[in-house]
Amino acid sequence: MSFSHLSHVECGRCGARHDSERPQNLCVKCGSPLLARYDLEAVRSSVRPEEIAGRAPDLWRYHELLPVRSPASVVTLGEGMTPLLPMARYGARIGLPRLLMKDEGLIPTGSFKARGAAVGVSRAAELGVERLAMPTNGNAGAAWALYGARAGLAATVVMPVDAPEITRRECVASGTDLYLVDGLISDAGRIVGELVAASGGRVFDASTLKEPYRIEGKKTMGIEIAEQLGWRTPDVILYPTGGGVGLIGIHKALAELRELGWLSGPPPRLVAVQAEGCAPIVRAFEQGERESSYWEGANTVAFGINVPKPLGDFLILEALAETSGTAVTVTDEELLAELRQVAALEGTYVCPEGAAAFAAARKLRETGWIAENEEVVVLNTGAGVKYPQTVPVDAPVLAVDAHLV
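Residues numbered from 1 in each chain as written. Predicted model: local features only at pLDDT ≥ 70, side-chain atom pairs only at ≥ 80, totals over all residues. Heavy atoms only, no water.

In this section: the environment of glycine 304. For glycine 304, the position within the fold is in the loop between helix H10 (280-286) and helix H11 (313-322). Overall, the relative accessible area of 28% leaves glycine 304 in the partly exposed class. With 168 residues separating them in the primary sequence, glycine 304 and threonine 136 have C-alpha atoms 8.7 Å apart. When neighbours within four sequence positions are excluded, glycine 304 is seen to be in contact with Asn137, Gly242 and Glu353. (Helix = DSSP H or I, 4+ residues; strand = E, 2+ residues; numbered from the N terminus. Buried < 20%, exposed > 50% of the residue type's maximum accessible area, 1.4 Å probe, protein only. Contact = heavy atoms within 4.5 Å.)

Our focus in this paragraph is H11. For H11, a buried count of seven out of ten residues is recorded, marking the element as mostly surrounded by other parts of the structure. Every buried residue of H11 is accounted for by Asp313, Phe314, Leu315, Ile316, Leu317, Ala319 and Leu320. Those residues of H11 hidden inside the fold are in contact with strand S3 (34-38), helix H9 (245-260), strand S11 (269-275), H10 and strand S12 (326-330). Of the residues one or two after H11, serine 324 is the one with positive phi, at around 55 degrees.

Before going further, it helps to examine the packing of helix H4 (residues 113-126) against helix H8 (residues 214-228). Describing two packed helices takes the angle between their axes plus the distance from one axis to the other. Contact pair H4 / H8: the axes reach a minimum separation of 6 Å and the direction vectors enclose 125 degrees. As far as their axial angle goes, H8 and H4 are oblique. Handedness of the crossing formed by H4 with H8: right-handed. Together, Lys113, Arg115, Gly116, Val119 and Gly120 of H4 and Arg214, Glu216, Gly217, Lys218, Thr220, Met221 and Glu224 of H8 make up the contact between the two elements. (Axes fitted to C-alpha atoms, helices over the stretch in contact; angles between N-to-C directions. Parallel < 35°, antiparallel > 145°, perpendicular 65-115°, else oblique. Left-handed = near helix turned anticlockwise from the far one by under 90°.)

Taken in spatial order, the six strands make up an open sheet running S4-S5-S13-S10-S11-S12, and their pairing is mixed. Both edges of this open sheet fall to strand S4 (84-86) and S12, since each of them pairs with a single strand only. Taking each pair of neighbouring strands and ignoring which way they run, the sheet shows an average axis angle of 25 degrees. Pairing between S4 and strand S5 (residues 99-103): three bridges, direction antiparallel. Bridge pairing in S5 places leucine 85 opposite methionine 101. Running over the sheet, H8 touches S4, S5, strand S10 (236-240) and strand S13 (376-380) and is turned about 135 degrees from S5. (Pairing = 2+ DSSP bridges.)

Of all five residues making up S5, five are buried, and the element is well covered by its neighbours. Residues Leu99, Met101 and Asp103 line one face of S5 and the alternating positions Leu100 and Lys102 line the opposite face, and both faces are buried.

Here you go:
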C-alpha cells in the first residue's frame, strides 16, 4: 500500500504538468506556483474516513494526501490536530453563538507555519536537498529553521529587522544562518533570490509558494476542520491573509475531500482578512481584479500578514470567488482591542493575525454578511506570547510589606 498517492505537480495558472520526483520551484513555462496533485481514485480505494480516526493525532494521519513517499522520510515534531474550540462567551458578545476557533498557537514552533515546514522539509530532504534559503516575516523562518535542524539540513533565513524578536531567537538556537534586512519581506525575497541564483543549484529556494509542498502541510488545517466536525464543513472560515498559503491550502484540501466523496454540499465561504495598512488582496477583490498590485508603504502590527504582493494572489482571489467569499480589512487599533477582548472572555491569548480575524468576524456579523445562526471558524495562526509587545504592561509595584484590600 502506498504511503502517498502523489501523482505530479501542476502549474496553478497555466496547468502545465511537472515531474514530482525532483526538486521544483516555479513553473518553467509561466513562472507561477506549482500545486501537488494526487491519484484520488487510488486514495479512495485505499482508505476511508473512519479508518483515519484510529491513526496518530498528527497531520501525518492524512499521509495518502501528502507528498512524502516514505514514512522513513517524515520529519516531525508532533505537529497537527490542534483543537477546534467553542468560543461561547466571545461569540455571544459579537452575535455568533456558533463561533469556533482553530488554535494553531498550540503547534510546535508556536505557529501554523510548522505544518508547512514539516511537509516541505520532509519532501525536500527526501528529494536530496541539503541547504534551504528563504525570506520570512518571522514565524515561517523559525519553523523551517527548526524543522531543517531536525532533518539535518542547513538553512539561511533573511527577515525584516523589525520581525518578532522571538522568531529570530528560534533561528539562532537552531544554528541557522540568520540575516536581518532594513526593509520588508519583499526586500528579503530579493536577497534570497540572488543567493539561490548564484549558488549553482546548491541552495534550494523555500520561499512562500516557490516550492509546491509547504501548501500541502497547510492544507491539513482544512482536513482537520472537516474531520473534527464529523466530516462536514462550517458555513464560514476566516483566515488572516499575508502570503495566503493557508487559505489556498484549506480551499485545496476541501476540494480534494469533495472529489473523494468525503464531503458533500457547498464549500464554506472563505474570508481573507488583512490589515488596513497592508491590504493588496482586499483592494484587488473590491476592484474585481484577478491578481493584486504592490501595496506601497505596507505597515501593520500584525507582522505575519504584512505582505505587499503575494506570489499566489491569483489563487487567493480564485478561492474567494469559488466559495462566494469575501475580503475585509481591520485597523491595528481594532485588532489589538479584539486581542484583549478574546483573552478576557475566553482565556486564549491569540496572535495579532488571529485577532484580526476575530475583528473581521465581528464586522461581518454587524453588516449581516454572516448570519447569527451560522457556524463560523476563525483561524488563530499563532501563539500570542510570540508578540509580547502587543500588550503593554503598566502594573503597580508593591513594597514587600504591602497589603491589598
